[in-house]
Amino acid sequence: MTANNTSNISFTVNGEKFNNVNVPSRQHLADYLRSQGLTGTHLGCEQGACGACTIEMDGKAVRSCLVLASQANGSDLKTVEGFDDQMMEQVKQSFLKHNAFQCGFCSPGMLMTTKEILLSKKKLTRDEIRSEISGNYCRCTGYQSIVDAIEECINEIN
Amino acid sequence: MKAADFSYHEATNIQDAINIKAKDEEAVILAGGQSLLPALNMRLSSPSCLIDISKISGLDDIKIDGDYLFIGALATHSHVMKNELVLKRMPCLIDILKMVAHPAIRNKGTHGGSIAYGDPAAELPALAVATNAEIIVSGQNGDRSIHAKDFYLGLFETAINQDEIVIGIKYPLLKQEQAILFEEVCRRHGDYAMAGLIANVNKIGNKVNDLSLVYFATGDKPDSADKTAKLYLENGYDYSNLKNSLNSEIDFAGDLNSSSEMKLHLATILIKKVLNKLEA
Ligand SMILES: Cc1cc2nc3c(=O)[nH]c(=O)nc-3n(C[C@H](O)[C@H](O)[C@H](O)COP(=O)(O)OP(=O)(O)OC[C@H]3O[C@@H](n4cnc5c(N)ncnc54)[C@H](O)[C@@H]3O)c2cc1C
Ligand code: FES
Ligand code: FES
């Protein structure tokens, strides 16, 4: 089906301005970002269950498959490509060290969820870490190594 | 999958949203999108137009309104969980919302969306029924208030008219001797429950002297079990008696994760699990 309905929107992604772009009304944000070469945002289920598409929208983690591109008008977005500050560099090193990246499909979403955990400044136990990442599926690691990495980040960064 | 084509309208105020909805029968409200967009992506429905109300200001207030705690329709689950008034006056809501989906979904999903959608497996509609909450809707003829127990009519079917939108929910403030207890069984933290129970308890010390039970994820809407609650008050916890009573009172509907027999069993043991919390 071709989309007849479009919206004209402006927003920022990883500090870069996108002004007056036309998007099909039915297009979700993940598809729009991927169409712009930002393929670090992964799509698994497109129904909110897997978490691979999790990005930052105005400072909060959201599912980019469950936000329309049109709804991003005026927003400040950050995707895994923009996770280059000192804290996120340290998080990535910790994931590498603990072998928490395997195929990498879940990684962008896991990194985003880790970022939100660290920004909340909460000292989580391992069980609490598991519950915080319960919305992100990983089919490779068995989660143990991801929990190890996040635990280390909480101890070292916060 | 991808959603079918629709037009998108960002509503500037409530009246604007009501006007469009009144004119176009196939237009639907978009709030947090955390239930609607999965349904559209899976092509379970294909509306003509989405009326985005998420940017209307002033619809996410949380405040005391007389004898009620008022939660604006657009308050997100995350926002409600961090709210001081909720923590002081209705802390059970925070425990309940912890079981609703996952953090990134709670950052978008709204209180009003969950109430209006009327998913039989969702926690908040059952809470609204169990606490005798009022659902405030606004339409072409102004505002009206609907008792939660009259709001849920059947599977995803509510008493909302075509031109109306939910603007907030009013929960009666809890009394000293009252407790709202909650428990659910699910396969994975954040998943929809296989069966869940909200109990509204009136107690003296740890002794229960009045009780109402409302289930979710058991039938086609929040299921009140008044006869069973009465039986419990008379005879205490007796598994087979309560199970028989629940079986006659609720039309259990099995799903992919649990058969109707299993839901009946879970509903029975949930009574014990929930009331054990009084002693904790
Ligand atoms: C993976 C996943 C797991 C989830 N798990 C749970 C769970 O365990 N328990 C649970 O309760 N929920 C769960 N949810 C759903 C979540 O809580 C939603 O946020 C909520 O059900 C709907 O709120 P929303 O604001 O996103 O509504 P939307 O998706 O925007 O709308 C839902 C429906 O309600 C209508 N609507 C929305 N707001 C209004 C309004 N103000 N007035 C009139 N109509 C309105 C819309 O037209 C639509 O039909 C889950 C969602 C996902 C994706
Ligand atoms: S693709 Fe968005 S949650 Fe799975
Ligand atoms: S590393 Fe492969 S899915 Fe997580």
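Residues numbered from 1 in each chain as written. Chains lettered and ligands numbered in written order. Predicted model: local features only at pLDDT ≥ 70, side-chain atom pairs only at ≥ 80, totals over all residues. Heavy atoms only, no water.

Things to note about the nonpolar core
Residue and element names in this part refer to chain B. Grouped together as the largest cluster of nonpolar side chains are 45 residues, with contacts concentrated most on Leu93, Ile115, Leu127, Ile135, Phe151 and Ile198. Ignoring sequence-local partners within four residues, the contact set of isoleucine 198 consists of Ile96, Glu123, Ala126, Leu127, Ala130, Ile180, Leu181, Phe182, Ser212, Leu213, Val214 and Phe216. Counting 26 residues, the second-largest nonpolar core is a separate cluster that includes Ala179, Ala199, Leu211 and Leu246. (Core = buried A, V, L, I, M, F, W, Y, C linked by side-chain atoms within 4.5 Å. Buried < 20%, exposed > 50% of the residue type's maximum accessible area, 1.4 Å probe, protein only. Contact = heavy atoms within 4.5 Å.)

Here we look at the domain arrangement of chain B
All names here are of chain B. Domain annotation of chain B identifies domain 1 (7–52), domain 2 (62–172) and domain 3 (178–279). Domain 1 and domain 2 are separated by 19 Å when their C-alpha centres are compared. At the interface, 13 residues of domain 1 touch 16 residues of domain 2. When domain 1 packs against domain 2, close to 1100 Å² is buried across both sides, 66% of that on carbon and sulfur atoms. Of all residues in domain 1, Ile18, Lys21 and Gln34 bury the most surface against domain 2, accounting for 43% of the area lost on that side. Where domain 1 packs against domain 2, one counts zero salt bridges. The tally of links from domain 1 across to domain 2 stands at three residue pairs in polar contact (both at pLDDT 80 or more). Going through the elements one at a time, α1 (14–23) and β2 (27–30) are the ones with two or more residues in the side of domain 1 that touches domain 2. (Domains from an automatic or database assignment. Buried area = accessible area lost by both parts, 1.4 Å probe. Salt bridge = Lys/Arg side-chain N within 4 Å of Asp/Glu carboxyl O. Polar contact = N/O pair within 3.5 Å; in protein donor to acceptor, adjacent residues only side chain to side chain. Helix = DSSP H or I, 4+ residues; strand = E, 2+ residues; numbered from the N terminus.)

Considerations on α1 of chain B
Residues and elements named next belong to chain B. Residues of α1 that are buried include every one of Asp16, Ala17, Ile18, Ile20 and Lys21, and no others. If you follow the buried residues of α1, they end up packed against β1 (7–10), β2, β3 (49–52), β6 (134–139) and β10 (165–172). Between the side-chain oxygen of the N-cap and the backbone nitrogen of glutamine 15 there are 3.2 Å, and the N-cap of α1 in question is asparagine 13.

Some thoughts on the interface of chain A and chain B
Chain A puts 33 residues into the contact, and the matching count from chain B is 30 residues. Between chain A and chain B, roughly 2600 Å² of surface is buried when both sides are summed, and carbon and sulfur atoms account for 51% of that area. Of all residues in chain A, Arg26, Leu66 and Gln71 of chain A bury the most surface against chain B, accounting for 25% of the area lost on that side. Here lysine 2 of chain B ties to glutamate 46 of chain A by a salt bridge, and the two come within 2.7 Å at their closest N and O atoms. Here chain A and chain B share 18 residue pairs in polar contact (both at pLDDT 80 or more) between them. Broken down by secondary-structure element, the contributors of at least two residues to the side of chain A that touches chain B are β3 (54–57), β4 (60–63) and α4 (126–132) of chain A. A per-element tally of the side of chain A that touches chain B places β4 of chain A first, with four residues.

A few points about the site of ligand 1
Looking at ligand 1, there are 32 residues lining it, with Ile29, Gly33, Gln34, Leu36 and Thr110 of chain B nearest. The environment of ligand 1 is shared, with nearby residues belonging to chains A and B. Histidine 77 of chain B places a polar side-chain atom, nitrogen or oxygen, 3.1 Å from an oxygen atom of ligand 1. In this structure, a nitrogen atom belonging to ligand 1 sits 2.8 Å away from a main-chain N or O atom of valine 166 of chain B. Look at ligand 1: alone it shows 970 Å² of surface, and the protein chains cover 92% of it. Looking at the shell around ligand 1, the elements with two or more residues in it are β2, α7 (111–117) and β10 of chain B. When residues in the shell around ligand 1 are grouped by element, the largest group, four residues, is from α7 of chain B. Considering only residue class, the shell around ligand 1 consists of 18 nonpolar, 12 polar and two charged. (Near = heavy atom within 4 Å. Areas by Shrake-Rupley, 256 points an atom, 1.4 Å probe, with all protein chains shown as cover. Nonpolar A, V, L, I, M, F, W, Y, C, P; charged D, E, K, R; others polar.)

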